[in-house]
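# Reading the structure
Chain residues, written in single-letter form:
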Amino acid sequence: MKSKSLSRGYMLAVTICVLLLSGLAVTNVYPLTYPTLVISAILLFIPVIEYIMTHGLKMKVVTLLLFLMFLPPFFRDIYNYKYSISVMAFMAVALIITKAIPFEQFGNIYIRVILGIALISLVGYGIVNYTSIQLPFISMDSVKEGVSYRIGFIYNYLPYQKDRNCGAFWEPGLFATHLVAAYLLTLKCSPPKATVYKAIYLLTILTTKSSAGYCLMILCLILEMTLRLCSGISKKQTIISFVLILVILLVALFVSSNEEIMSTILLGSGSGGGTAQIFSKLKLENVFRSQRGNAVSFWMTQFVENPLIGRGFVGITEQYIWDTCTNFMFLGGCGILGATYTYCWIKGLSMIGNINASSKLIIFGMVFIILNKEPHAKMLLTWMILFYLIANNEIVNET
């Protein structure tokens, strides 16, 4: 089976598997965790084996360094093997998929799958928050955190934050990340009716009430404006379009987060908070005091104390989300070799062709925010995008 002849149906199945291993809620709750992982492994088996049989396991030096950066933790403590091997497994599968499936083919399927999830989530979000209709959700608890979910498979919600749209994912912020990724890939793939795609992504991001999601949404609009300016569209037309979109979004944001206004239109309430509460997380003092801020401080301290071989990943008892700041975690956990991860992102993004330096800087800022707000070490999609970038293939060379 040649990679370019992969059927659309099979590509859809592969994309769903990638999402299953990139934060879908069904992989995070009992008793669905292991069955979904087994199904994903079976569906991913074909392109993995096909590529290995056809091409072997060749890789670039920089890719090899990504795998080698997990050697130092073994010198620190042999019990680091569980975490290290699990991350390397994600890396290996991602690397092979990117070799077997062209970027353009995967990107076009991915943006359509996320569009479908977004549309269904908007319907579910409206029903759950603004009607008395009881949908057939299943109550389940997460594997690690003990968080209660209402699982609808394509649309899920958290009972204590039902006014924050999770889509099919384990939390609203991660859903916002996928929506942003889909928006960026839409800019690259340019599907028919791309404007409709982007409008739905932005509208859905509003319903997540994610602080970082809102910040990334604004950066998406700024990025598109800079790209338009570079593509020859008049400066006046670009600015007018950008201002109009921004005004509409700000009005929608104000209306959707103002309980008094919403109560006069629709019935519904939750604990996602209004604009002030959402954006309060972005204040510098709140960022530094947050769980993620504490995690960054923790890993930087570990790197300073153990710059050569790092601290490793076992025996961490601190009460905050230590694995969400991915760049800093690899640096503190793997030592100086952990910087390879950040270097690969910088190198890969810098090689994107036909866009100016300011656009690349905006993209890097967005990627850096995303990588350090969720545990991307074990997200298949993140590794795939990185390998597509450093492979110097379609994502880099095509306009």
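Right, let's walk through the structure included here. Note that this is a predicted model, so its numbers are computed, not measured.

## A closer look at a nonpolar patch on the surface
Where nonpolar side chains cluster on the molecular surface, the patch consists of V61, L64, L65, L68, L71 and F75 and spans about 570 Å² of accessible area. Listed by contribution, the elements that provide at least two residues to the nonpolar patch are α3 (61-68) and α4 (71-76). Here L64 is to be found in helix α3. The exposure class assigned to L64 is partly exposed, which follows from its relative accessible area of 39%.

## A closer look at the side chain of T186
Following the sequence through the fold, T186 ends up in helix α7 (residues 172-189). What makes T186 buried here is its relative accessible area of 1%. Within the structure, T186 has its side chain in polar contact with the backbone oxygen of A182 (distance 2.7 Å). The contacts of T186, once residues within four sequence positions are left out, are I111, P191, A194, Y197, K198 and Y201.

## Some thoughts on the packing of α3 against helix α5 (residues 81-100)
Contact geometry for α3 and α5: axes closest at 10 Å, N-to-C directions at 155 degrees. Classified by the angle between their axes, α3 and α5 sit roughly antiparallel to one another. By crossing handedness, the relation of α3 to α5 is classed as left-handed. Together, T63, L66 and F67 of α3 and M88, M91, A92 and L95 of α5 make up the contact between the two elements. Each residue belonging to the contact of α3 with α5 can be placed in one class, and the counts come to 6 nonpolar, 1 polar and no charged.

Here is what the cut-offs are and how they apply
- Residues numbered from 1 in each chain as written.
- Predicted model: local features only at pLDDT ≥ 70, side-chain atom pairs only at ≥ 80, totals over all residues.
- Heavy atoms only, no water.
- Patch = residues over 30% accessible without salt bridge, like charges linked within 9 Å, V, L, I, M, F, W, Y side chains within 5 Å.
- Areas by Shrake-Rupley, 256 points an atom, 1.4 Å probe, with all protein chains shown as cover.
- Salt bridge = Lys/Arg side-chain N within 4 Å of Asp/Glu carboxyl O.
- Helix = DSSP H or I, 4+ residues; strand = E, 2+ residues; numbered from the N terminus.
- Buried < 20%, exposed > 50% of the residue type's maximum accessible area, 1.4 Å probe, protein only.
- Polar contact = N/O pair within 3.5 Å; in protein donor to acceptor, adjacent residues only side chain to side chain.
- Contact = heavy atoms within 4.5 Å.
- Axes fitted to C-alpha atoms, helices over the stretch in contact; angles between N-to-C directions.
- Parallel < 35°, antiparallel > 145°, perpendicular 65-115°, else oblique.
- Left-handed = near helix turned anticlockwise from the far one by under 90°.
- Nonpolar A, V, L, I, M, F, W, Y, C, P; charged D, E, K, R; others polar.

All we've got here are geometric facts, nothing functional implied.
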